[in-house]
Amino acid sequence: METDTRTEIMQATRRALCAHGYAELTIQRIADESSLSTAAIHYHFDTKEGLLRAFLDEMLDGFEGKLAARASDPRERLETFLNVVFSPPKDGNGEFAVALMELKAQAPFHDAYRDRLVEMDKLMRGVVADAVREGIESGHFRDSDPETVARLVVTAINATHARQVALGEAPEETRQLIEADLRERLGWSPEVVA
């Protein structure tokens with residue numbers, strides 16, 4: 001598939017998903033958000049489900065790519081992780097958050113969505129746990145269970161996403177709570193990287 005066509009389909013899918021929600025999403029509504037016909041979209045994706053699996057994969061692959069940048073200092077790695085998670089979406093109006101929430105709501109009914117979200121959760125917990133473990137080993141952090149810290153941080157991030165979409169709460173509020181907890185548990189501070 002041509003990159004430009006795929007990009008247009010993915011962007012149209014995001015807009016249509018945000019405008020109509022999962023239940024009302026159709027290939028026609030996706031086509032209406034693009035310059036493509038329904039036939040052109042069906043040429044590339046046999047079903048709406050296949051298109052949404054590809055859309056979720058693309059969204060999460062982009063996020064994974066941002067997380068892949070690894071600093072050698074575990075303190076800096078935690079800060080980079082939080083910067084990636086809490087950076088404002090490029091769409092500026094929260095479309096990413098709404099689209100992801102729509103797909104998360106379908107995870108109990110679609111194994112492919114659930115499996116991909118489980119993968120992402122494991123990746124995020126792994127990044128945090130590895131940074132905590134290495135920070136403890138290098139003497140930068142106080143002793144704490146890396147898996148517990150990671151689970152708490154990622155759970156808070158998931159709750160942030162729900163609060164942002166459903167309640168209109170700014171994600172920065174939860175970031176401050178996560179940073180306060182990391183300072184308390186680990187002695188970590190985002191400003192202190194030597």
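The model shown is predicted, which means the values in this text are computed figures rather than measured ones.

A. Spotlight on the overall build of the protein chain. Across its full length, the protein chain carries nine helices and zero strands. For the protein chain, the N- to C-terminal ordering of α and β elements is α-α-α-α-α-α-α-α-α. When its C-alpha atoms are laid out on the principal axes, the protein chain stretches across 60 × 35 × 30 Å. Per-residue burial for the protein chain yields a buried fraction of 40% across its 194 residues. Within the protein chain, contacts between residues at least 6 apart in sequence are counted, and of these 69% link residues at least 24 apart. Counting only carbon and sulfur atoms, one obtains 50% of the accessible surface of the protein chain, whose full area is about 10,100 Å². With 23 positive and 35 negative side-chain charges, the protein chain shows a separation of 2 Å between the mean positions of the two kinds.

B. Fine view of the nonpolar core. In this structure, Phe 81, Met 124 and Leu 182 are the most contacted members of the largest nonpolar core, which totals 51 residues. Mapped onto this core, the elements with two or more residues apiece are helix H1 (3-20), helix H2 (27-32), helix H4 (48-67), helix H5 (74-86), helix H6 (95-106), helix H7 (111-137), helix H8 (146-167) and helix H9 (171-186). Dropping the residues within four chain positions of it, Met 124 is found in contact with Phe 63, Leu 67, Phe 81, Val 85, Val 154 and Ile 157.

C. Structural view of H9. In a regular helix each residue adds 1.5 Å, so 16 residues correspond to 22 Å; H9 covers 22 Å between its end C-alpha atoms and thus fits that length. Among all positions in H9, only Thr 174, Arg 175, Ile 178, Glu 179, Leu 182 and Leu 186 are buried. Buried residues along H9 cover an arc of 140° about the axis, so they all sit on one side. Across H9 from its buried face, at more than 90 degrees, point the exposed residues Leu 177 and Glu 184. Packing partners of the buried residues in H9 comprise H5, H7 and H8. Positive backbone phi, approximately 80°, marks Gly 187, located one or two places after H9.

D. Quick peek at the confidence of the model for the protein chain. Chain-level statistics for the protein chain give a pLDDT mean of 88 and a share of 92% at 70 or above. By mean pLDDT, the top-scoring element of the protein chain is H2 (95), and the lowest-scoring one is H6 (82).

E. Inspection of H8 at higher detail. Look at H8: 31 Å from first C-alpha to last across 22 residues, which is about the 32 Å you get at 1.5 Å a residue. All of the buried residues in H8 are Pro 146, Val 149, Ala 150, Val 153, Val 154, Ile 157, Thr 160 and His 161. For H8, the buried positions fall inside an angular range of 125° around the axis, keeping them on one side. H8 presents Arg 151, Ala 166 and Leu 167 as exposed residues on the side facing more than 90 degrees away from its buried surface. Along its buried surface, H8 packs onto H5, H6, H7 and H9. After H8 finishes, the residue Gly 168 shows a positive phi value of roughly 75°.

F. Looking closely at the pattern of salt bridges. By the definition in use, this model includes 15 salt bridges. A salt bridge links Arg 6 to Glu 58, with the nearest nitrogen and oxygen atoms 3.1 Å apart. One end of the pair, Arg 6, is in helix H1; the other, Glu 58, is in helix H4, and 52 residues separate them in sequence. Take Arg 6: its relative accessible area is 27%, and that puts it in the partly exposed class. Overall, the relative accessible area of 34% leaves Glu 58 in the partly exposed class. Close ionic contact of Arg 116 with Asp 57 constitutes a salt bridge, the shortest N to O distance being 2.9 Å.

The rules behind the values
- Residues numbered from 1 in each chain as written.
- Predicted model: local features only at pLDDT ≥ 70, side-chain atom pairs only at ≥ 80, totals over all residues.
- Heavy atoms only, no water.
- Helix = DSSP H or I, 4+ residues; strand = E, 2+ residues; numbered from the N terminus.
- Buried < 20%, exposed > 50% of the residue type's maximum accessible area, 1.4 Å probe, protein only.
- Contact = heavy atoms within 4.5 Å.
- Areas by Shrake-Rupley, 256 points an atom, 1.4 Å probe, with all protein chains shown as cover.
- Lys, Arg positive; Asp, Glu negative; His and termini not counted.
- Charge placed at Lys NZ, Arg CZ, Asp CG, Glu CD.
- Core = buried A, V, L, I, M, F, W, Y, C linked by side-chain atoms within 4.5 Å.
- Expected span 1.5 Å × (residues − 1).
- Arc of directions from axis to C-beta.
- pLDDT = per-residue confidence, 0-100.
- Salt bridge = Lys/Arg side-chain N within 4 Å of Asp/Glu carboxyl O.

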